[in-house]
Amino acid sequence: MIKTFMPEVKTAEELAGLQLEGLRWTVNHAYLGSSFYRKKLEMAGVRPDNIKSLEDIQRLPFTTASDLQEGYPFPLLSVPTDKVIRIHASSGTTGKRKVLCYTQKDIDDWTHFFARCYEMADLTREDRVQIAVGYGVWTAGISFQMGCERFGAMAIPAGPGNLDMQCQFLLDLESTVMCCTASMGLLMAEEVEKRGIRDRIKLRKMIFGSERSSDAMRARIKEILGLEHMFDIPGMTELYGPGTGLDCVHHRGIHYWADYYILEILDPETLEPVPPGETGEMVVTTLKKEAAPLIRYRTRDLTRLIPGPCPCGSILPRHDRLLGRSDDMFIFRAVNIYPGQIDHALSGISEIGSEYQIILDRKADGRDYMTLKVERARGLDGSIDAKLCKKIAAFVKKQILVSSDVEVVEYGSLPRSERKSRRVFDNREF
Ligand code: ZN
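## Section: a nonpolar patch on the surface
Point 1. Residues F74, I87, V137 and W138 make up a contiguous nonpolar surface patch of about 340 Å² in total accessible area.
Point 2. Here F74 lies in the loop between α3 (65-70) and β1 (84-90).
Point 3. You can call F74 partly exposed: its relative accessible area is 41%.

## Overview of the coordination of the zinc ion
Point 1. Distances from the zinc ion to its protein donors, C248 (SG), H255 (NE2), C310 (SG) and C312 (SG), fall at 2.1 to 2.3 Å.
Point 2. Classification of the site at the zinc ion rests on its four donor atoms, whose angles at the metal span 102 to 115°, yielding the label tetrahedral.
Point 3. Spacing between the donor residues of the zinc ion along their common chain follows C-x6-H-x54-C-x1-C. Taken together, the residues C248 in the loop between β8 (245-247) and β9 (254-256) and C312 in the loop between β13 (305-306) and β14 (318-319) connect sequence positions 64 residues apart.
Point 4. We classify C248 as buried; its relative accessible area is 2%.
Point 5. Note on C312: relative accessible area 32%, which makes it partly exposed.

## A few points about the packing of helix α6 (residues 163-172) against helix α7 (residues 182-195)
Point 1. Interaxial distance between α6 and α7 falls to 10 Å at its minimum, and their mutual angle equals 70°. The orientation of α6 with respect to α7, classified from their angle, is roughly perpendicular. Judged by the twist between their axes, the crossing of α6 over α7 is right-handed. Mapping the contact onto sequence places L163, D164, Q166, C167 and L170 in α6 and M184, L187, M188, E191, V192 and R195 in α7.

## Describing the sheet that holds β9
Point 1. Reading across from one edge, β8-β9-β14-β13 is the order of the four strands in this open sheet, with antiparallel pairing throughout. Across the chains shown, the open sheet's two edge strands, defined by having one partner strand only, are β8 and β13.
Point 2. With two bridges joining them, β9 and β14 adopt antiparallel strand pairing. Each bridged residue has a counterpart across the sheet, and for I254 the counterpart in β14 is H319.

Rules of the game
- All chains use their own residue numbering, which begins from 1 and follows the written sequence.
- Predicted model: local features are reported for residues with pLDDT of at least 70 only, side-chain atom pairs are reported and counted for 80 or more only, and whole-chain, interface and lining totals are derived from all residues.
- Here the side-chain values reflect all heavy atoms present in the structure, with hydrogen atoms and water set aside.
- Nonpolar side chains (Val, Leu, Ile, Met, Phe, Trp, Tyr) within 5 Å and like charges within 9 Å form the patches, drawn only from residues with over 30% relative accessible area and no salt bridge.
- The protein chains shown are the only cover counted for residues, whose accessible areas, like all others here, come from Shrake-Rupley with a 1.4 Å probe.
- Salt bridge criterion: a side-chain nitrogen from Lys or Arg within 4 Å of a carboxyl oxygen from Asp or Glu.
- For helices the rule is a DSSP run of H or I covering at least 4 residues; for strands it is a run of E covering at least 2, with both sets numbered from the N terminus onward.
- Under the scheme applied here, a residue whose accessible area is under 20% of the maximum for its type counts as buried, over 50% as exposed, and between as partly exposed, the area being computed with a 1.4 Å probe on protein chains only.
- With water omitted from the atoms examined, metal sites may look incomplete; donors here are N, O and S atoms no farther than 2.8 Å from the metal, or 3.2 Å in the case of Na, K and Ca.
- When four donors show all angles between 85 and 135 degrees the site is tetrahedral, when four or six donors have opposite pairs over 155 degrees and all other angles between 65 and 115 it is square planar or octahedral respectively, and in every other case it is irregular.
- Simply put, an axis is a line fit to the C-alpha atoms, just over the touching stretch for a helix, and the angle between two N-to-C directions goes from 0 to 180 degrees.
- An angle below 35 degrees is treated as roughly parallel, one above 145 as roughly antiparallel, one from 65 to 115 as roughly perpendicular, and anything else as oblique.
- A clockwise turn of the near helix away from the far one marks a right-handed crossing, whereas an anticlockwise turn of less than a right angle marks a left-handed crossing.
- Note on contacts: a residue pair is in contact if any heavy atoms of the two residues lie within 4.5 Å.
- Any two strands with at least two DSSP-identified bridges between them are counted as paired.

Spelled out as structure tokens, the structure:
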């Protein structure tokens, strides 16, 4: 029998049973091991033996990024420090850094489900995996490597950057898979093209971590390198790190490891579950994590669950790519809207550039109006504007179910920023 890293359970019911067992274990473990969690649970009036069904998760209190910062340097620690064998940290832009602890079992679990990522991406033990991501306290290249070794493929721990060396490895070591950020993937593709070595390398797949990548960028990488597949690997330090899910070869959303954590999608305002398939904030609860378990941790990341079975037949559920941060949400005519949704709708239109602005006004009639300022694509002239405006408004209406006025402006006329551009201009008075 071929070794597999997929869940041992075979049905959704068995998976739910495993989740309940893990949830009960986690609440009990955190209650006994962490004074922080014990206090929180007591304040919420919940004792470990109150958790009798998966629905009881809704009785549990939330954990937030500020809880992690307040607990610095070892937040949420639920085991004695002599059980901790490694830490990783996230380089937060504001406030204290978040440091997360791991026991030996946590590392073993992480390694196991990372091996599953490679299995999900349909690798074999013949594959050679060039790992061009960072190693260190902030980034977890080591998890890519340990997962690869556990899976049984050949790991090439190249680290990031150094395009010259990367190209040499592609040629000499005949790497078939590369793990990197999408920006690095594009640099590699252009370097391979520049050197004219496409026909001499064996690269077939790329696995992208840690940043959002536009469809246009991905299409360009795939085309230049002639790749068979590109995968998205999600991961945040709080939840182990990279490798907590992967899209399968059908690329219909990211399968996530529901035997290691429960994913709730909640309305960030009311904190109630959104209807199946609708966008909301990802809230995660771990099922096996020892050193720093998460109980209803608010990630602030937005996505939606993808209902129904995947053509690959896996029982592991799926979520969509990340649509942005809940902090960026605005409410327009009683609809919660995220800039990422507008971004997504606009990315389906080829006649426009990548820059846009969303302007919200309240007019004399008391109603709210949304204007989308969009750049025409480079090289096109204003004769298409009237038609283009109608097309954009129709696309947005169809996908987000709201009406908007559209204004098309010259290519290059909207401000650009190296950092995140400001997209939403809310002029409404409340
Ligand atoms: Zn699938």
